[in-house]
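Observations on the three-dimensional arrangement
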Amino acid sequence: MRLLHTSDWHVGRTFHGADTLPALVEVLAALADRVRRERVDVVLVAGDVFDSAMPAGRHVEALTAALGGIRAAGAQLVLSSGNHDSPARLGANAAFARAGGLHLSTDALDPASWVVELADEHGPVHVVAIPYLEPVVLRAALPEAGIRTQADAMRWAMDAVRAGLAAAAEAAGAPVRSVVLAHCFAAGVAEADDDAPRDIRAGGLDVVPVAAFEGVDYAALGHIHSRQVLAEGVRYSGAPLHYSFRERSPERGGWLVDLDAAGLAAVAWLDLPVPRPLTEVRGELDALLADPALDGTEQHWLRAVLTDAAMPLDAMRRLQSRWPRCAQVEWAGGAGARSSAAVRERLARRSEPEVVDDFLAHVRGEGASEAERALVLDGLARAAAAEAAR
């Protein structure tokens, strides 16, 4: 069996205010072509299918067309909900979709619903699509499980997965090959990768140890927008488009995962087109505008770091005269600019709990206590869960 691991399509997301839907439609059409050419049996989408819990009609239509194209190319699809998705909306009509080869997994409290039973000439393959696990929701529904963090939630989920696989193996009289989808921040992601959403990376929800995925042949992870290899059988595919200048890898695509009779046989990277590359330039404004070495980058998304001694006037307009899609300008020339940039960088990296802690320190002279921090984390988690359920 051949599977294509993708994630984080984020249908409906913008890039610095620009609509990305036409580019995403182009890339997903190319994905369907690759599915046909590479004879892919199953396409996996490990969470964050939509960018919003309430996607616009044209975003739903674009997703429907993309899924139809992949089905027409000969592959089944397995999609799980991510922290950006509304489980109720994404999972609507899941029972009817399954009959047509589209498997939607959105119910975090029902491990039996995560399992898609497939087969090839070597026997059964269980694809287990774990929806995004919100610890506060699981804690309320399963108080006896002791779930406080993302790591606890994934431990509970993977215990259920392994128990299900053991029962299936006993019934079959032989081990059952398995692939798991999960949407989380796993330990071991490269430090240079700064595209991890702050709500899970630094919001107190913890990271999931790679060892949590033991017992399955392959773990298809989502949530990080650049490809990552944490272990031979534990990987992030990244998003099909660039959604931030901070994203680590220039390539976009997915992992081709081949299973043989014994389990994981091979994993290979499959490139997808990059409709508009990201480019960062650094230097004085006039020199950048005249630099012939930058010929050919005019239609790229551009981030410019200006090193002029004084902040240039009207820098964005002048840059856009050469690069119409210049999206970000930073002045890093004088000492004041460097100090301001350092402050902006520190502020940009703050999680919501850290913002609350800084506010408390400002108004009363000390940050949150451990008990107060637990209340803040719980409240933020409840707000996130309520937003996703809208």
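Since the structure is predicted, the reported quantities are computational estimates derived from the model, not experimental observations.

1. Examining the overall build of the chain
Scanning the chain from terminus to terminus reveals twelve helices and 17 strands. Taking 2.2 N^0.38 as the reference for a compact globule, 390 residues should give roughly 21 Å; the C-alpha atoms of the chain span a radius of gyration of 23 Å, in line with that estimate. Seen through its C-alpha atoms, the chain measures out along the principal axes to roughly 75 × 55 × 40 Å. Among the 390 residues that make up the chain, the fraction classed as buried is 49%. At a minimum sequence separation of 6, the contacts of the chain that also span at least 24 residues come to 67%. Here the chain displays about 17,400 Å² of accessible surface, and carbon together with sulfur accounts for 54% of that area. Distance from the positive charge centre (38 side chains) to the negative charge centre (53 side chains) of the chain: 4 Å.

2. Details of the pattern of salt bridges
Going through the model one piece at a time under the given rule, you end up with 19 salt bridges. Among the ionic pairs, Arg-317 bridges to Asp-314, the shortest N-O distance being 2.3 Å. The exposure class of Asp-314 is partly exposed, given its relative accessible area of 44%. One salt-bridge network, held together by shared partners, links Arg-2, Arg-37, Glu-38 and Asp-258.

3. Overview of empty space enclosed by the protein
One pass over the full model with this rule turns up one cavity of 30 Å³ or more. Considered as a void within the structure, the largest cavity measures approximately 40 Å³ in volume. Taken together, Pro-353, Val-356, Asp-357, Ala-368, Arg-373 and Val-376 form the lining of the largest cavity. When residues of the lining of the largest cavity are traced back to their parent elements, those giving at least two are α11 (352–364) and α12 (370–388). A per-element tally of the lining of the largest cavity places α11 first, with three residues. Across the lining of the largest cavity, the residue classes tally to four nonpolar, no polar and two charged.

4. Re the sheet that holds strand β11 (residues 228–231)
The strands that make up a sheet pair up through hydrogen bonds in the backbone, lying either parallel or antiparallel. Ordered in space as β7-β8-β9-β10-β12-β11, the six strands form an open sheet in which the pairing is mixed. Each edge of the sheet is formed by a strand with only one pairing partner; in this case those strands are β7 (115–120) and β11. This sheet shows a mean twist of 20 degrees between the axes of neighbouring strands, independent of strand direction. Running over the sheet, helix α6 (residues 150–172) touches β8 (123–129) and β9 (177–183) and is turned about 160 degrees from β9.

5. Thoughts on the packing of aromatic side chains
Scanning the entire structure with this criterion turns up four aromatic pairs. With a centroid separation of 5.2 Å and an interplanar angle of 65 degrees, the aromatic rings of Phe-15 and Phe-245 are classed as edge-to-face. Placement of the pair is Phe-15 in strand β2 (residues 14–15) and Phe-245 in the loop between β12 (234–236) and β13 (252–260), with a sequence separation of 230 residues. Given the relative accessible area of 1%, Phe-15 is considered buried. Note on Trp-255 and Trp-269: the rings are 4.9 Å apart at their centroids and 75 degrees apart in plane angle, and the pair reads as edge-to-face. Highlighted residues: Trp-255 in strand β13 and Trp-269 in strand β14 (residues 263–272), separated in sequence by 14 residues. Through successive ring pairs, a cluster of aromatic residues spans Phe-15, Phe-245 and Trp-301. The ring centre of Trp-269 lies 4.6 Å from the NZ or CZ of Arg-227, which sits over that ring.

Rules and cut-offs
- Sequence positions are assigned chain by chain, starting from 1 and proceeding in written order.
- Thresholds applied to this predicted model are a pLDDT of at least 70 for local features of residues and 80 or more for the giving and counting of side-chain atom pairs; totals over whole chains, interfaces and linings are not thresholded and use all residues.
- With hydrogens and water set aside, each side-chain value is computed from the structure's full complement of heavy atoms.
- The way it works is that DSSP assigns letters per residue, a run of H or I at least four long becomes a helix, a run of E at least two long becomes a strand, and they are numbered from the N terminus.
- C-alpha atoms define the radius of gyration in this analysis, and the globule rule sets the expected value at 2.2 Å times the number of residues to the power 0.38.
- Partly exposed residues are those whose accessible area sits between 20% and 50% of the maximum for their type, while under 20% is buried and over 50% is exposed, using a 1.4 Å probe and protein chains only.
- Should any heavy atoms of two residues lie within 4.5 Å, those residues are considered in contact.
- Only the protein chains shown count as cover for residues, and all accessible areas are computed by the Shrake-Rupley method using a 1.4 Å probe.
- Positive residues here are Lys and Arg, negative ones are Asp and Glu, while His and the chain termini are left out of the count.
- All charge positions are set by atom: Lys at NZ, Arg at CZ, Asp at CG, Glu at CD.
- What counts as a salt bridge is simple: a side-chain nitrogen of Lys or Arg found within 4 Å of a carboxyl oxygen of Asp or Glu.
- Points on a 1 Å grid, built from protein atoms alone, make a cavity when a 1.4 Å probe fits but cannot get out and make a pocket when they are open with protein on both sides within 12 Å along at least 5 of 7 lines; residues with an atom within 4 Å of a point are the lining residues.
- Grid points are joined across faces, edges and corners, and a volume is the space filled by probe spheres set on the points.
- When residues are sorted by character, Ala, Val, Leu, Ile, Met, Phe, Trp, Tyr, Cys and Pro go into the nonpolar class, Asp, Glu, Lys and Arg into the charged class, and all the rest, Gly among them, into the polar class.
- Two strands make a pair as long as DSSP finds a minimum of two bridges between them.
- Only the stretch in contact is used when a helix axis is fitted, and all axes are lines through C-alpha atoms; the angle between N-to-C directions ranges over 0 to 180 degrees.
- In summary, the pairing rule links any two rings of Phe, Tyr or Trp, Trp by its six-membered ring, whose centres are within 6.5 Å, and it sorts them by plane angle into stacked for under 30 degrees, edge-to-face for over 60 and tilted for everything else.
- As a reminder, the over-ring test applies to NZ of lysine and CZ of arginine, requiring each to be within 6 Å of the ring centre and within 35 degrees of the ring normal.

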